[in-house]
Amino acid sequence: LQRKYEQEAVQKRTFTKWINSHLAKCVPPLVVTDLFEDIKDGVMLLALLEVLSGQKLPCERGKRLKRIHWVANIGTALKFLEGRKSAYRGSPIKLVNINSTDIVDGRPAIVLGLMWTIILYFQIEELTSSLPALEAQSSSTSSLDSSASSTDTTSPPVKKKPLLPPQGGARRALLKWVQQTATKRMGIDVRDFGPSWRTGLAFFAVIHYLRPHLVDMEQVWGRPSRENLHEAFSLAERELGVPQLLDPEDVDVDKPDEKSIMTYVAQFLKHHPKESDPGAPHEDESFPFVPFFAFPNFDARPLLPGPLQREQRKSLRELKTWLDQLDRDVSQAQETEANLALQYQLFKSLRVQLEMKRKHVESVLQSTQKDGMLTVDQALVKQAWEKVSNRLLDWHLKLDRSLPAPLDQVGAWLHQAEGGLRQEVIMQQAHDETANIFHRALEQHKVSRQMC
């Protein structure tokens, strides 16, 4: 019961801010202070629907309105809504268990249900219904999306068909938009509109996609959740004009309210660039260069009896596919004719994609064999990681050498120093591995002598 009251309180705050962001367009501007009370006479509700639809609606006005007038106004609003068609179903909007008297009585659950219906139809459905084209485009152009695709390359090309609204409704469409355009590029796992947003990183990823120059993902990655949330909401309002519908303390909880987060995130769709927009954002800015990580130099061998589970093998192969695609992206970016500043931006963009996968790669390259050797799939991932890492390292060195003197010499010296440090790490790992091999051989020799 306590959870229900807390959820209603969060939705009331979020929905009130959303309503006021639209009522501010009225002349004169209107303001809702207490949603459950101010909506009773229907005047604010009809004004909101007029702003959202651009249509003029009949309304009983005046200071001496009685309950019968309130019911009439609410009835007008509900009838108007029922006459609209859903962008997904193509059928009229259904107002389940919502009637005029419940709204006039200010019943919290009914009022919030009505406001959610309005938000879902006028904002989320209308904005996401144009996203299937993005879904098709994103799945073919994003190197990160390839990590979620099938590894079967022998399938024949699929013929293009007219694009329909995605199955699963507006929620799934909005979630896919977030995943395909923003969070997957940053290595952030967003599976819902609840706990996945608690750290604030997903909000920054969306902002970064729309305006890459506004966000330094390296800086926000290790900060406290509350600080990230406050900064992300302030930044979005200041730079994108996205109203702060959410309070950080309402998101930094175990189970944030999904409807509130959906309401807020959907506002960013208004800033999604059209395909023909010359100012469309690209993956072009983020982390500075991080020294190359040297993985343990194990030798690969075929799978032994008792292989990795199917899902683990699938994950490794998908990761290899993603790394191969990123390597192709780096190679193509190096051939781009652009000034040095833009070249650095391209480099940083691709480098951050790799760095976001570092912990994941480290974890999957932990040996599952008793003798410490990698499986074939693990070795292929290790090889792909080293290939793209070395390509980025060479590109970084080339860019630094293109700097005007004396910065070019400083860049070359730094790369040389980093190379020495990496060599020390590799040598130490080689010594450790040699010691391990010698220890295993000694133990086997002892066993042999005992058997004799």
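Here the structure is a predicted model, which means the values were calculated and not measured.

Caption draft 1: Fine view of the packing of helix 1 (residues 2-23) against helix 6 (residues 108-128). Interhelical geometry of helix 1 versus helix 6 gives an angle of 50 degrees and a closest axis separation of 10 Å. Classified by the angle their axes make, helix 1 and helix 6 are oblique. As helix 1 runs across helix 6, the sense of the crossing is left-handed. Between helix 1 and helix 6, the residues in contact are Glu8, Gln11, Lys12, Phe15, Trp18, Ile19 and His22 and Pro108, Ala109, Leu112, Met115, Trp116, Ile118, Ile119 and Gln123, respectively. Across the contact of helix 1 with helix 6, the residue classes tally to 10 nonpolar, 3 polar and 2 charged.

Caption draft 2: View of the side chain of Asp257. Relative to the helices and strands, Asp257 is located in the loop between helix 12 (248-251) and helix 13 (258-266). Although buried, Asp257 forms no salt bridge, and the nearest oppositely charged side chain, Arg3, lies 5.6 Å from it. Side-chain polar atoms of Asp257 contact the side chain of Gln7, separated by 3.2 Å. Apart from residues lying up to four places away in sequence, Asp257 is in contact with Gln7, Val10, Gln11 and Phe193.

Caption draft 3: Representation of helix 13 within the structure. Most of helix 13 sits out of view: 7 of its 9 residues are buried. The set of residues buried in helix 13 consists of Ser260, Ile261, Met262, Thr263, Tyr264, Val265 and Ala266. Where helix 13 is buried, its residues meet helix 1, helix 6, helix 8 (169-183), helix 9 (201-210), helix 11 (225-240) and helix 12.

Caption draft 4: Broad picture of the pattern of salt bridges. Tallied over the full model, the rule gives 22 salt bridges. Residue Asp327 pairs with Arg391 through a salt bridge whose shortest N-O separation is 2.7 Å. Pair noted here: Asp327 is in helix 14 (residues 310-334) and Arg391 is in helix 17 (residues 376-401), with a separation of 64 residues, a long-range link. Classification of Asp327 by relative accessible area gives buried; the value is 7%. Ionic contacts of the salt-bridge type, sharing partners, join the residues Arg13, Lys17, Asp247 and Asp250 into one network.

Caption draft 5: Here's a closer look at the nonpolar core. If you look at the biggest cluster of nonpolar residues, it comprises 79 residues, and the most contacted ones within it are Ile118, Trp197, Phe203 and Phe268. For Phe268, the contacting residues outside a window of four places in its chain are Trp177, Val206, Ile207, Leu210, Ala236, Leu240 and Val242.

Caption draft 6: Inspection of the confidence of the model for the protein chain at higher detail. When pLDDT is averaged along the protein chain, the result is 76, and 70% of the positions lie at 70 or above. Looking at the elements of the protein chain, mean pLDDT is at its lowest for helix 7 (residues 132-141), recorded as 42, and at its highest for helix 13, recorded as 96. Scored below 50 in pLDDT, residues 133-167 makes 46 contacts in the model with residues more than four places away or belonging to other chains. Under a pLDDT of 50 for its full length, residues 275-308 has, in the predicted model, 86 contacts with residues more than four places off or in other chains.

Caption draft 7: Structural view of helix 9. By the criterion of burial, helix 9 is predominantly enclosed, with 10 of the 10 residues buried. When we look at burial in helix 9, the residues that qualify are Leu201, Ala202, Phe203, Phe204, Ala205, Val206, Ile207, His208, Tyr209 and Leu210. Each element contacted by the buried residues of helix 9 is listed here: helix 8, helix 10 (217-221), helix 11, helix 12 and helix 13.

Caption draft 8: Up close: the packing of aromatic side chains. Here the structure, examined in full by the defined rule, presents 9 aromatic pairs. Look at Phe193 and Trp197: their rings are 6.0 Å apart centre to centre, the planes differ by 10 degrees, and that puts the pair in the stacked class. Each member of the pair, Phe193 as well as Trp197, is classed as buried. Seen from their ring centres, Phe203 and Tyr264 are 5.7 Å apart, and the 65 degrees between their planes marks the pair as edge-to-face.

Caption draft 9: Local environment of the packing of helix 3 (residues 43-53) against helix 6. At a closest axis distance of 11 Å, the pairing of helix 3 and helix 6 adopts a crossing angle of 10 degrees. Taken as axis vectors, helix 3 and helix 6 run roughly parallel relative to one another. When helix 3 is examined against helix 6, the residues Leu45, Leu48, Leu49, Leu52 and Ser53 are found in contact with a partner set consisting of Leu114, Met115, Ile118 and Phe122. The residue inventory of the contact of helix 3 with helix 6, partitioned by class, reads 8 nonpolar, 1 polar and no charged.

About the cut-offs
- Residues numbered from 1 in each chain as written.
- Predicted model: local features only at pLDDT ≥ 70, side-chain atom pairs only at ≥ 80, totals over all residues.
- Heavy atoms only, no water.
- Axes fitted to C-alpha atoms, helices over the stretch in contact; angles between N-to-C directions.
- Helix = DSSP H or I, 4+ residues; strand = E, 2+ residues; numbered from the N terminus.
- Parallel < 35°, antiparallel > 145°, perpendicular 65-115°, else oblique.
- Left-handed = near helix turned anticlockwise from the far one by under 90°.
- Contact = heavy atoms within 4.5 Å.
- Nonpolar A, V, L, I, M, F, W, Y, C, P; charged D, E, K, R; others polar.
- Buried < 20%, exposed > 50% of the residue type's maximum accessible area, 1.4 Å probe, protein only.
- Lys, Arg positive; Asp, Glu negative; His and termini not counted.
- Salt bridge = Lys/Arg side-chain N within 4 Å of Asp/Glu carboxyl O.
- Polar contact = N/O pair within 3.5 Å; in protein donor to acceptor, adjacent residues only side chain to side chain.
- Core = buried A, V, L, I, M, F, W, Y, C linked by side-chain atoms within 4.5 Å.
- pLDDT = per-residue confidence, 0-100.
- Phe/Tyr/Trp six-rings, centres within 6.5 Å; stacked < 30°, edge-to-face > 60°.

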